[in-house]
Amino acid sequence: MIQPEIPSPCYVMEEDKLRSNLRLIQSVAQATGVEIILAFKAFALWKSFPIFREYIQHTTASSVYEARLAFEEFGSPAHTYTPAYTQENIADFIRYSSHLTFNTWTQFERFYPTIKESGKKVSCGIRINPEYSEVEVALYNPCSPGSRFGVTVDQLPATLPEGIEGFHCHTHCEADSYQLARTLQHIEEKFSSYFSRIKWLNLGGGHLMTRADYDVVHLIETLRGLKARYPHLHIILEPGSAFAWQTGFLYATVVDIVENKGIKTAILDVSFTCHMPDCLEMPYQPRVRGAETLPFEAAETATADEYIYRLGGNSCLSGDYMGSWKFEKPLSVGDPILLEDMIHYTTVKTNMFNGIHHPSIGLLHTDGTWEAYRHFCYEDYRDRMC
């Protein structure tokens, strides 16, 4: 039952589920001696940061805005990596960051003197590319041939230059602990000869340790083994999705029912392309509370007495729909639709294509009270278009 004060559409984050994830992540960090930090690229709802600060101390950024959010709203400087710093933004990155990872040697050589001249203590690192990743979707594979990310082992000098204190590596996307273990074999085979000369190793994101079937015990064993082999290294993980995984839903409402060639589509007051872009990019079909997820094409062969629907967005993009779901009864205008697991990535990737009304955002507290974080209006759209 949706509280009457929650508007439609709305991203609804559930505090009890968020805290459950945070407790698990904290327990892994304590059991292994590694540091696990929040990646803003998947989640950056800053009004919830007081909850996060009860469990973690730092965050990771990939832009000046993210680094500033870490510094000003999370209350600690960011672990920052970006594919390219510029002369115009390097001073801001230095100001807001405790760690700066460089994508190439040319970037490091260009900007390390600026860091030294600033007098601010910033730990610098280089992103390494082990040329190994088990990510199957090319859009999310950072180690595909010709990747623009990081330096390969043949590009490392025999002696690391002054100022390089760490390695950063990112190869995963919603991965399990066994993928991490296999990746570590490749990293150590290629780069471990340098480990005695660095202080920290950042293993990036994509470690989906809060997923129900994730083998947390094996993750702890894997990380403990890594720490035992290199006890001087400060090991860092920076997942994004793991923090907000299954912590809430997108509350939508049926606004029309369209039928064409026997295919029934429930039109919603939300858009897949605007509010759930990963559904189309990855792609994946989200779970809908109270409905059975069917093969995508099932709506095309549904009989008249089956309550099988596509769900359609309210933009003019032809492909702004997903399908199919089977409901217990016919859908009608005004029916609520709860699209599960819509807090990570959605809230940072949404857009106002077509001027579509943006969902509100808020937190459903453990005691059942509702805290509205933000409502959006015409001025939010207008001011982005100027």
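In case you missed it, the structure is sitting above this.
Quick summary incoming for the structure in this document. Note that the coordinates shown come from a computational prediction; the quantities given were computed from them, not determined experimentally.

**Focus: the layout of surface pockets**
Next up, step 1: Roughly 1,100 Å³ of internal volume is contained in the largest pocket.
Next up, step 2: Lys-41, Tyr-140, Cys-173, Ser-241 and Tyr-345 are the residues nearest the centre of the largest pocket, which is lined by 47 residues in total.
Next up, step 3: For the lining of the largest pocket, the secondary-structure elements that each account for two or more residues are strand 4 (59-61), helix 8 (241-244), helix 10 (277-281) and helix 11 (346-349).
Next up, step 4: Of the residues assigned to the lining of the largest pocket, the class counts are 20 nonpolar, 15 polar and 12 charged.
Next up, step 5: In this structure, the second largest pocket occupies an estimated 700 Å³ of space.
Next up, step 6: Contributing to the lining of the second largest pocket are 22 residues, with Ala-44, Leu-45, Trp-46, Thr-347 and Arg-374 lying nearest its centre.
Next up, step 7: Elements supplying a minimum of two residues to the lining of the second largest pocket: helix 3 (64-74), helix 11, strand 18 (370-374) and helix 12 (378-385).
Next up, step 8: A class-by-class count of the residues in the lining of the second largest pocket yields 11 nonpolar, four polar and seven charged.

**Remarks on the pairing of strand 5 (residues 78-81)**
Next up, step 1: Side chains Ala-78 and Thr-80 project from strand 5 onto one buried face, and the interleaved His-79 and Tyr-81 project onto a second face that is buried too.
Next up, step 2: Two strands pair when backbone bridges link them, and strand 4 and strand 5 are joined in this way by two bridges, in the parallel orientation. When the bridges of strand 5 are listed, Ala-61 appears paired with Thr-80.
Next up, step 3: Viewed along the sheet, the connection from strand 4 through helix 3 into strand 5 turns out right-handed.
Next up, step 4: Pairing analysis gives four bridges linking strand 5 to strand 6 (residues 97-102), with the strands arranged parallel. What sits directly across from Tyr-81, in strand 6, is Thr-101.

**Examining the packing of aromatic side chains**
Next up, step 1: Counting across every chain of the model gives 17 aromatic pairs.
Next up, step 2: Seen in terms of ring centroids, Phe-102 and Phe-108 are 5.6 Å apart; in terms of plane orientation they differ by 75 degrees. Their pairing is edge-to-face. Like Phe-102, the residue Phe-108 is buried in the burial classification.
Next up, step 3: With 4.9 Å between their ring centres and 80 degrees between their planes, Phe-195 and Tyr-230 make a pair best called edge-to-face. Highlighted residues: Phe-195 in the loop between helix 6 (177-191) and strand 9 (200-202) and Tyr-230 in the loop between helix 7 (216-229) and strand 10 (234-237), separated in sequence by 35 residues. Judged on exposure class, the residue Phe-195 and its partner Tyr-230 are both buried.
Next up, step 4: Among the aromatic side chains, those forming a connected cluster through ring pairs are Phe-40, Phe-43, Phe-49, Phe-52, Phe-74 and Phe-243.
Next up, step 5: A cation sits over an aromatic face here: Arg-53 above Phe-74, 6.0 Å from the ring centre.
Next up, step 6: One Lys or Arg, Arg-127, reaches over the ring of Tyr-81 and ends 4.9 Å from the middle of that ring.

Conventions we followed
- Residues numbered from 1 in each chain as written.
- Predicted model: local features only at pLDDT ≥ 70, side-chain atom pairs only at ≥ 80, totals over all residues.
- Heavy atoms only, no water.
- 1 Å grid on protein atoms, 1.4 Å probe; cavity = no way out; pocket = protein on both sides within 12 Å on 5 of 7 lines; lining within 4 Å.
- Points joined across faces, edges and corners; volume = space filled by probe spheres on them.
- Helix = DSSP H or I, 4+ residues; strand = E, 2+ residues; numbered from the N terminus.
- Nonpolar A, V, L, I, M, F, W, Y, C, P; charged D, E, K, R; others polar.
- Buried < 20%, exposed > 50% of the residue type's maximum accessible area, 1.4 Å probe, protein only.
- Pairing = 2+ DSSP bridges.
- Right-handed = clockwise from strand over helix to strand, strands pointing away.
- Phe/Tyr/Trp six-rings, centres within 6.5 Å; stacked < 30°, edge-to-face > 60°.
- Lys NZ or Arg CZ within 6 Å of the ring centre and 35° of its normal.

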